[in-house]
Each structure stands twice: as structure tokens, then as C-alpha cells.
Amino acid sequence: MAAVQIKENIYWVGAVDWDVREFHGYKVPYGTSYNAYLVIDEKITLIDSVKAKFTQDMLDNISEIVDPSKIDLIISNHVEPDHSGALASVVALAPNAPVVCTANGKKGLGIYYSPDWNYQVVKTGDTLSLGKYTLSFVATPMVHWPDNMVTYLAEENILFSNDAFGQHHATEGRFDDDVGADTCLKRARDYYANIVLPFGMQVQNALKALGGLNIDIIAPSHGVMWRDADTIAALLKKYDDWSGNRVQDDLAVIVYDTMWGSTEMLAQRISRNFEDQGIKAVLIDLRRYHISQAMDALTEAKYICVGSPTLNRGPMPSIAGFLCYLKGLAPKGRIGMAFGSHGWSGEATGYIEDALTQCRFELQEKMVCVYRPEKQPTREG
Amino acid sequence: MQKYECTLCGYIYDPEQGDPDSGVAPGTAFADLPEGWVCPLCGADTSLFEVVE
């Protein structure tokens, strides 16, 4: 059976996407999964669905347990198509089932699909009895869209957290202990850095709202479900640290591109300067790494250094793209620095400094050179 | 001074805190926010804010 039992009468019925490699600009080298959940109770309840192309897989999984037309209730925690993509098919099979979502969820689903569905709008603190089980809802606006909410099943202490605590990897096993805590926490950080990072304040609010709950299982919408108690504790601490802007003072990330190797030499010099001061330095060469990998690397880094040569009076496009991505994801409380080699004009480092200033980083003095670093003195430290 | 909530995302503008990251000093009433100020979290403009009772 492809559906996976979580607890008596509670099942994972989603789909694993082994082939996907990118998510709106975020590279996902390990694929992902779209997690949908089925609760068999007096009210047969579906929690979220899957990306549209996996609709039949989800319906087949549900059919192993119950005829999908018997679904009594549909919970939509999030409007984004990787989770709502199969909802229209479910509504077509079970047209009387209410679609439970936030007010922003109703607005969003109404635009993506139809304003005429049988919507039941909920807000934080509302509850719904399924029979033996009770669901309660906590709105989590801007984690990471306006429509997001999470759903808590009290009797088994399961938090259906949608994208929160998600990870992008396709795995055979559906649980954290199938894959290993270290790997899952790594994937969770990568996800946080590329999707959740701008919304630290809202994550803090959500963590406070959920603080009083007993949570035995966290069932997100991507990746594995978390059920090991120590791993859950570690994960919640990580989310608290990341959203509270607590970074490692002894970690620097140096992101760069280079035309003839000079900016790369500056990057290496900066790396050695950091190491001399007991600060671990990670070099990210954008010819080899993707900007989403750079974001993961800098999640916890106090120092973010960005380097580019000057190409046609501006930065290299790779660096311009990275800075655009960085500004949007808006890490807080960092110390930034620009660097770069140039030839006859040198606009790139000023461009980088402008961007890092817009990020509200404290700026250290930039490091520049003309053509070759070893041919002239440059600032140390 | 009254607090205002962004109806799009739930961000609370608290005049006592201001929004220093956007150059708005503590003690700035909602009505006195500069032209073009938007919710620092989701970008909603001031027309989407409601007073917090």
C-alpha cells in the first residue's frame, strides 16, 4: 500500500516527486514530496492535497482506504498550487464537502480555482469536531503567504504545519527516523533560508501561539514527518533561533564570481583573514553553486561578504541576481562587506555596497584591486 | 496612540516602536507615517491597515 499509516485512522496519502529540481528559482537537488493527509472519523477529512500532476497518485492512495467521493471535509492550509493543485478534483468528486481555510485562503482559492466552492472560513482558535478527533486552527499569515494556517489534531498531538518545518527531499521513508535527524535538519535549514527567512517576526508569533500545545508529531507539507522527540525539540529550537535572528559570530560566508581569477583571489584572502581571527569562512563560487545554496550557507552566518568584478560598468549578472534574491529574503543583523577586482572602471563594489545597505547590514570597508591583487597593497583584515 | 494591524498579514504597527528599519522613529502616529510607507512584512499599503481595538 502506498498510503502510509501515521496513527490509527490517520494516513499520509501524498506524492513523492523524485524528479523536480527547482521551485520558482530555488534549486532542489533532492526532489521533494507533497504531503496530503487523510483522517478517517465520523467526518472523513482530507488535509491539503498535492501538485496537480500528482492528483491521480493522491486519489489512488486515498482509494486504498476509502472512496474519495466519501470525503466529508477538506482542510486547505495553504493556497499555493503545490498543495491546492488537486483540490478541484476532490471537490468535483465530493462537492458537498466544505473547504475549510482562512479568509485569505478563500480569496486565493477563489482566484486560482473557483469562488463558488463550499467555503468554511476559520480563524485562530476555531475548532471542528470530526467525531473522535478534534481539529483546531491557528492562522499563520506570512508563513509564508497571507493565507497560511496550521491545523492541530489534539487527541494524537499532531500538528499539520503545512510549509512550516518542511524540507525539500524525496525519500523512501516518510518519517525523520527513517532518514536520519542530521539530514532532515539540514534540509529544514535549506528550506527555511530560501522560503521562510523574511518572516522571522511571524514565525516568532506562530511559535508563541503554538507554545502551549503538546506536539508528538509535526506533519508538514513537504519532506518527512517529525516524530522523534529529541529531533522535534532540536527543530523547534532551530526555528526559534533562525526567526529570532540569532547567528553564529564565528561564521562568515563569502559569495563571489570572477572573470580571470582576481576576485577569487580576493575572496581567498578574505577567507584567510577570517580564519586568522578564529572565524570559519565558507566560500561560495557562483560559477559552481546556485544562489539558493548560498542562502542556505548564510542562514546562521554573522558575516556576509559579496564580491564581483566589474563587467560593463556593473556587477556580474550572477551577483546582481544573488543580491536581488538576498534583499528579498532579508536576513537580519548581519555584517556585510563588498569586494572585487576591476580594470578601468569599478562600479561593481559600489553596487554591492548599495544592496547590502538596503539589507540594513552593518558595512565593513570594501576591498578592491585593479587587475591583480598581488600587484598592489590591499586593506588587510 | 493607537496600534494598527495589517489585514493582509497580521503585522502590528505600534507607534511606540515606530518602524526604525524603514526610517520611522518611535513615537510616530499611524496617521503621520510618511507617504509611501508600506507594511514591512508583506508590502501592503496603509489602506489595508485597521485600528486595533
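Residues numbered from 1 in each chain as written. Chains lettered and ligands numbered in written order. Predicted model: local features only at pLDDT ≥ 70, side-chain atom pairs only at ≥ 80, totals over all residues. Heavy atoms only, no water.

This paragraph deals with the overall build of chain A. If you tally the helices and strands in chain A, you get 12 helices and 24 strands. Computed over its C-alpha atoms, the radius of gyration of chain A comes to 23 Å, within 12% of the 21 Å expected for a compact globule of 381 residues. With respect to the principal axes defined by its C-alpha atoms, chain A has extents near 75 × 40 × 35 Å. In chain A, which comprises 381 residues, the proportion classed as buried is 57%. In chain A, the share of contacts with a sequence separation of at least 24, taken over all contacts with a separation of at least 6, comes to 71%. By element, 51% of the accessible surface of chain A is carried by carbon and sulfur atoms, the whole surface being about 15600 Å². Each charge sign in chain A was given a centre, from 35 positive and 47 negative side chains, and these centres are 7 Å apart. (Helix = DSSP H or I, 4+ residues; strand = E, 2+ residues; numbered from the N terminus. Rg over C-alpha atoms; globule rule 2.2 N^0.38 Å. Buried < 20%, exposed > 50% of the residue type's maximum accessible area, 1.4 Å probe, protein only. Contact = heavy atoms within 4.5 Å. Areas by Shrake-Rupley, 256 points an atom, 1.4 Å probe, with all protein chains shown as cover. Lys, Arg positive; Asp, Glu negative; His and termini not counted. Charge placed at Lys NZ, Arg CZ, Asp CG, Glu CD.)

Moving on to the nonpolar core. All names here are of chain A. Counting 83 residues, the largest nonpolar core has Met58 and Phe322 as its most contacted members. When residues in this core are grouped by element, the largest group, 8 residues, is from helix H6 (residues 181-196). When sequence neighbours within four positions are dropped, the list of residues in contact with Met58 reads Val13, Ala36, Leu46, Ser49, Val50, Ala86 and Val90. (Core = buried A, V, L, I, M, F, W, Y, C linked by side-chain atoms within 4.5 Å.)

Moving on: the pattern of salt bridges. All names here are of chain A. If you walk through the whole model with that rule in mind, you get 14 salt bridges over all chains. Note that Asp126 is salt-bridged to Lys123, the shortest N-O span being 3.6 Å. On the basis of relative accessible area, Asp126 is assigned to the partly exposed category, the value being 23%. (Salt bridge = Lys/Arg side-chain N within 4 Å of Asp/Glu carboxyl O.)

Before going further, it helps to examine the packing of helix H11 (residues 317-329) of chain A against helix H12 (residues 347-358) of chain A. Two measures define how a pair of helices packs: the angle their axes make with one another and the distance between the axes. Residue and element names in this part refer to chain A. Across the interface, H11 lies against H12 with an axial gap of 10 Å and an inter-helix angle of 10°. Viewed along their axes, H11 and H12 adopt a mutual orientation that is roughly parallel. Contacts between H11 and H12 pair Ile319, Ala320, Leu323, Leu326 and Lys327 from the former with Tyr351, Ile352, Ala355, Leu356 and Gln358 from the latter. Here the residues of the contact of H11 with H12 are counted per class, giving 8 nonpolar, 1 polar and 1 charged. (Axes fitted to C-alpha atoms, helices over the stretch in contact; angles between N-to-C directions. Parallel < 35°, antiparallel > 145°, perpendicular 65-115°, else oblique. Nonpolar A, V, L, I, M, F, W, Y, C, P; charged D, E, K, R; others polar.)

With that settled, consider the sheet that holds strand E1 (residues 4-6) of chain B. Residue and element names in this part refer to chain B. Judged by pairing direction, the sheet is antiparallel, and its 3 strands sit side by side in the order E2-E1-E3 without closing on themselves. Single-partner strands in this sheet number two, and they are strand E2 (12-13) and strand E3 (49-51). The pairing of E1 with E3 spans 3 bridges and is classified as antiparallel. Within E3, the residue paired with Tyr4 across the bridge is Val51. (Pairing = 2+ DSSP bridges.)

Moving on to the sheet that holds strand E10 (residues 99-101) of chain A. Residue and element names in this part refer to chain A. Strand order in the open sheet formed by 7 strands is E1-E2-E7-E8-E9-E10-E11, with mixed pairing between adjacent strands. The sheet terminates laterally at strand E1 (4-7) and strand E11 (119-121), the two strands that pair on one side only. Between one strand axis and the next, the sheet turns through 25° on average, direction left out of account. By the bridge criterion, 3 bridges tie strand E2 (residues 10-12) to strand E7 (residues 37-39) in an arrangement that is antiparallel. Looking at E7, one finds that Trp12 is bridged to Tyr37.

What follows covers the confidence of the model for chain B. Residues and elements named next belong to chain B. Summary statistics for chain B give a mean pLDDT of 90 and a share of 100% for residues scoring 70 or more. Confidence, read as mean pLDDT per element, is least for E2 in chain B (92) and greatest for E3 (94). Overall fold confidence (pTM) sits at 0.93, and the ipTM for the predicted complex is 0.70. (pLDDT = per-residue confidence, 0-100.)

Take the packing of aromatic side chains next. Residue and element names in this part refer to chain B. For the coordinates displayed, the defined rule picks out 15 aromatic pairs over all chains. For the ring pair Tyr4 and Phe30, a centre distance of 3.9 Å and an interplane angle of 10° mean the geometry is stacked. Highlighted residues: Tyr4 in strand E1 and Phe30 in the loop between E2 and E3, separated in sequence by 26 residues. For the pair Tyr4 and Phe30, one class covers both residues: buried. (Phe/Tyr/Trp six-rings, centres within 6.5 Å; stacked < 30°, edge-to-face > 60°.)

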